[in-house]
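As a plain string of letters, each chain reads:
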Amino acid sequence: MNKQSIKKLSLFLTGLEQRIAENRDYFKKAVAVFKSGTREFPAKIWIEGDKIKLNFNGTTEILETNWISLRISKYAENYDSVVITYEERGTTIVIEADDKNVKMKTSEAKEPEENIGVHNETYQISNRDYYIKAGQAQELLKEIGILGSNGKVKNDKIRKYNQIDHFVELIDDMIKDLLKENESITVLDCGCGKSYLTFVLNYYIKEVLKKPCYFIGLDYSNTVIEASKRTAENLGYKNMEFKVTDIKNYRASREIHLVICLHACNTATDEAIALAVNNNVKAMVMVPCCQQEILKQYSYPPFQDIIKHGILKARMADVITDGIRALLLEAMGYKVSVVEYISPVETPKNLMIRAIKTQAKDPLALERYRELKKLLGINPTLEKLLYID
Ligand SMILES: C[S@@+](CC[C@H](N)C(=O)[O-])C[C@H]1O[C@@H](n2cnc3c(N)ncnc32)[C@H](O)[C@@H]1O
């Protein structure tokens, strides 16, 4: 290729170098196909661990990001033309260069129309504007089993898809506020299971909001942690780590901005709340699961004719449990809102507790909590886990 084209090509490639440096976590691979007559000679660039690698003509070398332009344009000097296809999540850039012309085309993933309107008898894809759009998040949603290989939401996953998307909707403002105050945010997913929420939130923050973030998933089940690691690897997400640990034993090694905990059983939600409060975490979102502790402890004579019915006693215990959590969070300086996360028709575990640290500890709220505790004869784990004074 002539000097003029090489010069222009190296300029475009410098742009790609910058893109890789800035979007390292999005970068998938770049393939350059050099042509000489009808013969083709492919070169591939990819990231392995913390290294950028280039394979060409049977040899693999490790590259600094800012050598890419130099290497590729040097190789191009010996060929008639080159087509470079750069892939990062959601975007493909193609550079075509020969002696006459050097042009670059960028294409973004689009939402295919046919993903809308899938339904079965019970659950429907609603008409609302999804935060995680099935067409754009195809790779993610396929990997976590929401989309089938045809790119459509599977009938038995519509409910899950709606739940996940609604979760993002309910914490969207909180995430945006955290991003206003911080360059990058770290999210801790307690009792992460297979980490669907982590993957979806990571997608939303990185690829929809285009902001940097880091995720840590905790679960005491080795099986789900291994599954989460595999999913992260398959999706090429490098900004996350997964640890086998009980929530209460975890010691944070970096600043955490948001703690999430969805349907972690019994007192695991209390452990997650305590972890957040004790580490001075700014925001948390809890969707509690069943909790037996308060049910076994509480009594309230004025209500004896009501709570003599087991089911009513259990429902009241759930309300007290979450009410106590909210009150203790207020005592620790958090502004709390309790909202319905999903319809009670889908699951009775449908409350979401959102809390944001806004003020100093509130001694009056603590006093009210202590009165309530005495009145009900309860001794909640959460209080024992919190560093109250
Ligand atoms: C019902 S699953 C929910 C998983 C995930 N959060 C989701 O919503 O898909 C609850 C998970 O919490 C984990 N878990 C429960 N208590 C825990 C604890 N104290 N420490 C760590 N993991 C816990 C379980 O192993 C399980 O994977």
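Residues numbered from 1 in each chain as written. Predicted model: local features only at pLDDT ≥ 70, side-chain atom pairs only at ≥ 80, totals over all residues.

K.L.:
Is there a simple way to think about the site of the ligand in this case?
P.N.:
Close to the ligand lie 18 residues; Gly 191, Gly 193, Tyr 220, Leu 262 and Ala 268 are nearest. Counting only elements with at least two residues in the shell around the ligand, the list comes to α5 (196-208), β9 (213-219) and α7 (268-278). The residue makeup of the shell around the ligand, split by class, is 11 nonpolar, four polar and three charged. (Near = placed C-beta within 6 Å. Helix = DSSP H or I, 4+ residues; strand = E, 2+ residues; numbered from the N terminus. Nonpolar A, V, L, I, M, F, W, Y, C, P; charged D, E, K, R; others polar.)

K.L.:
Please clarify how the nonpolar core should be interpreted in this entry.
P.N.:
It is characteristic of soluble globular proteins that their nonpolar side chains tend to be buried jointly. Core analysis: the biggest nonpolar cluster contains 81 residues, and Cys 190, Val 200, Leu 258, Val 259, Ala 272, Ile 273 and Met 284 have the highest contact counts within it. Within the second largest apolar cluster, 20 residues are counted, among which are Leu 54, Ile 68, Ile 72 and Val 102. (Core = buried A, V, L, I, M, F, W, Y, C linked by C-beta atoms within 7 Å. Buried ≥ 20, exposed ≤ 12 C-beta atoms within 10 Å, placed from the backbone.)

K.L.:
Would you explain the pairing of strand β5 (residues 81-88) in this entry?
P.N.:
On a regular strand, one side chain projects to one face of the sheet and the next to the other, so that they alternate. Taking every second residue as pointing to the same face, the buried face of β5 carries Val 82, Ile 84, Tyr 86 and Glu 88, while none of Ser 81, Val 83, Thr 85 and Glu 87 on the other face is buried. Relative to β5, strand β1 (residues 27-36) runs antiparallel, the two sharing eight bridges. If you follow Val 31 over to β5, its bridge partner there is Thr 85. For β5 and strand β6 (residues 91-97), the ladder comprises seven bridges, and the chain directions are antiparallel. Bridge pairing in β6 places Glu 87 opposite Thr 92. (Pairing = 2+ DSSP bridges.)

K.L.:
Would you mind going over the domain arrangement of the protein with me for this structure?
P.N.:
Interface size is commonly expressed as the accessible area that is lost once the parts come together. For the protein, the assigned domains are domain 1 (3-108) and domain 2 (113-385). Distance from the C-alpha centre of domain 1 to the C-alpha centre of domain 2: 42 Å. (Domains from an automatic or database assignment.)

K.L.:
Could you clarify how one ought to interpret the confidence of the model for the protein in this entry?
P.N.:
Should the pLDDT be low somewhere, the predicted coordinates at that spot are not to be read in detail. Mean pLDDT over the protein works out to 90, with 92% of the residues at or above the 70 mark. Segment residues 111-123: pLDDT under 50, and 24 contacts once partners within four positions in sequence are set aside and those in other chains are kept. (pLDDT = per-residue confidence, 0-100. Contact = placed C-beta atoms within 7 Å.)

K.L.:
How do you make sense of the sheet that holds strand β12 (residues 283-287) when you look at a structure like this?
P.N.:
For sheets, the rule is that strands pair by backbone hydrogen bonds, running either parallel or antiparallel. One open sheet accounts for seven strands, arranged β10-β9-β8-β11-β12-β14-β13; its pairing is mixed. Each having just a single partner strand, β10 (240-244) and β13 (334-340) make up the two edges of the open sheet. Pairs of neighbouring strands in the sheet enclose a mean axial angle of 15 degrees, with direction left out of account. With six bridges connecting them, strand β8 (residues 185-190) and β9 associate as parallel partners. The partner of Leu 188 across the bridge, within β9, is Ile 216. The sheet strands contacting α5 are β8, β9, β10 and β11 (258-262), and the helix crosses β9 at an angle near 175 degrees. Running over the sheet, helix α6 (residues 222-235) touches β9 and β10 and is turned about 165 degrees from β10. (Axes fitted to C-alpha atoms, helices over the stretch in contact; angles between N-to-C directions.)

K.L.:
In this structure, what is going on with the environment of Ile 306? I would like to understand it.
P.N.:
Positionally, Ile 306 belongs in helix α9 (residues 304-307). Sequence separation of Ile 306 and Met 316 is 10 residues, and the distance between their C-alpha atoms is 9.6 Å.

K.L.:
Can you walk me through the packing of helix α10 (residues 310-331) against helix α11 (residues 363-376) in this structure?
P.N.:
To characterise two packed helices, one gives the angle between the axes of the helices and the distance between these axes. Interhelical geometry of α10 versus α11 gives an angle of 150 degrees and a closest axis separation of 8 Å. Classified by the angle between their axes, α10 and α11 sit roughly antiparallel to one another. Relative to α11, α10 is oriented so that their crossing is left-handed. Here Ile 320, Ile 324, Leu 327, Leu 328, Glu 330 and Ala 331 of α10 come into contact with α11, specifically with Ala 365, Leu 366, Arg 368, Tyr 369 and Leu 376. Within the contact of α10 with α11, the residues separate by chemical class into nine nonpolar, no polar and two charged. (Parallel < 35°, antiparallel > 145°, perpendicular 65-115°, else oblique. Left-handed = near helix turned anticlockwise from the far one by under 90°.)

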